[in-house]
Amino acid sequence: MPILTTNHASSFSEQRCTEELQHVLNNSSKAQTLLQSIFKLNKRTLVKGITCRSCAGTEQQEKCGYYDIQYKRIVLCCENIRSREDVEKTVVHELVHAFDASRKGTFDSLCHLVACGEVRASAIGQCNDIKHEGKKKDCILRDAINSTREHCGANAEKVVQQVYEKCVRDEAPFT
């Protein structure tokens, strides 16, 4: 998920984040489709579920959320969440990562795999509602490059560009 650069004045408490998360899970057709698809592919992908907690003092502290493949969970960083829209966009983004972790795929390298996941998560998640194609592509590329850079360093932009066309068209499970 993209790094946040805003202040923490209006951040959610864990309780408020959890309440908004429950609303999103009950009412977002995108989140429901992703969850159903994940559980069809591999029931263990999200064995620890989706939770809200503080990420302060962790390496995730600047993010709105993350998919933790080791512990099979999605965590929303409540101090970086400010609205129901933030919750939904973050949940959808991270559910795309969980979905991708559930299915098989072949990539030239781990960086290509990460880059593809970030392109897909941004395209289906936070950049999805942008109508202008040029601005939408810019949003997807910016977010994917920033997130891929954490794992792949200076190669991030090149790798994202290499996978972009293929991965932006991969709308699974929505196709």
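Residues numbered from 1 in each chain as written. Predicted model: local features only at pLDDT ≥ 70, side-chain atom pairs only at ≥ 80, totals over all residues. Heavy atoms only, no water.

**Comments concerning unusual backbone geometry**
Of the consecutive residues alanine 172 and proline 173, the connecting peptide bond is found in the cis state with omega at 10°. Mapped onto the secondary structure, proline 173 falls in the segment after helix H6 (156-168). Unusually for a residue other than glycine, lysine 72 sits at a positive phi of about 55°. Among the structural elements, lysine 72 can be located in the loop between strand S2 (65-68) and strand S3 (73-77). Given the relative accessible area of 30%, lysine 72 is considered partly exposed. (Helix = DSSP H or I, 4+ residues; strand = E, 2+ residues; numbered from the N terminus. Buried < 20%, exposed > 50% of the residue type's maximum accessible area, 1.4 Å probe, protein only.)

**Focus: the packing of aromatic side chains**
Under the definition given, this model contains 0 aromatic pairs. One residue, lysine 166, lies across the ring of phenylalanine 107, its end atom 5.2 Å from the ring centre. (Phe/Tyr/Trp six-rings, centres within 6.5 Å; stacked < 30°, edge-to-face > 60°. Lys NZ or Arg CZ within 6 Å of the ring centre and 35° of its normal.)

**Here's the deal with the nonpolar core**
If you look at the biggest cluster of nonpolar residues, it comprises 28 residues, and the most contacted ones within it are Leu21, Leu46, Leu76, Val87, Val91 and Leu95. Looking at this core, the elements with two or more residues in it are helix H1 (14-27), helix H2 (29-41), strand S1 (50-53), S3, helix H3 (84-102) and helix H4 (110-124). Counting residues per element, this core draws most heavily on H3, which supplies 7 residues. Non-local contacts of leucine 95, meaning those with residues more than four positions away in its chain, are made with Ala31, Leu34, Leu35, Ile38, Leu46, Ile50 and Ile74. Counting 18 residues, the second-largest nonpolar core is a separate cluster that includes Ile140, Ala144, Val163 and Tyr164. (Core = buried A, V, L, I, M, F, W, Y, C linked by side-chain atoms within 4.5 Å. Contact = heavy atoms within 4.5 Å.)

**Points about the pattern of salt bridges**
Following the criterion strictly, the structure yields 11 salt bridges and no others. The salt bridge partner of glutamate 150 is lysine 63, with a shortest N-O separation of 2.7 Å. One end of the pair, glutamate 150, is in helix H5 (residues 133-152); the other, lysine 63, is in the loop between S1 and S2, and 87 residues separate them in sequence. Using a relative accessible area of 40% as the deciding quantity, one classes glutamate 150 as partly exposed. Of the charged contacts in the structure, one is a salt bridge between arginine 120 and aspartate 170, with a shortest N-O distance of 3.3 Å. In this pair, arginine 120 sits in helix H4 while aspartate 170 sits in the segment after H6, placing the two residues 50 residues apart along the sequence. Salt bridges sharing partners connect three or more residues here, namely Asp100, Arg103, Arg120 and Asp170. (Salt bridge = Lys/Arg side-chain N within 4 Å of Asp/Glu carboxyl O.)

**Some words on the state of the cysteines**
Applying the stated criterion to the full structure yields 5 disulfides. Here cysteine 17 engages in a disulfide with cysteine 52; their sulfurs sit 2.2 Å apart. Looking along the S-S bond of the cysteine 17-cysteine 52 disulfide, the torsion reads about -70°, which is the left-handed sense. A residue pair is termed long-range when its members are at least 10 positions apart, and cysteine 17 in helix H1 and cysteine 52 in strand S1 qualify at 35 residues. No difference in accessibility class separates cysteine 17 from cysteine 52, as the two residues are buried. Cysteine 111 shares a disulfide with cysteine 152; S-S distance 2.2 Å. Residues cysteine 111 and cysteine 152 share a disulfide whose torsion about the S-S bond is about -120°; that sign makes it left-handed. Of this pair, cysteine 111 sits in helix H4 while cysteine 152 sits in helix H5, and the two are 41 residues apart along the sequence. Taking relative accessible area as the criterion, cysteine 152 reaches 11% and is therefore assigned buried. When the bonded cysteines of the chain are counted from the start of the sequence, the pairing works out to 1-2, 3-4, 5-9, 6-10, 7-8. Sulfur of cysteine 64: no disulfide; nearest cysteine sulfur belongs to cysteine 77 and is 7.6 Å away. With relative accessibility at 6%, the residue cysteine 64 sits in the buried group. (Disulfide = S-S within 2.5 Å.)

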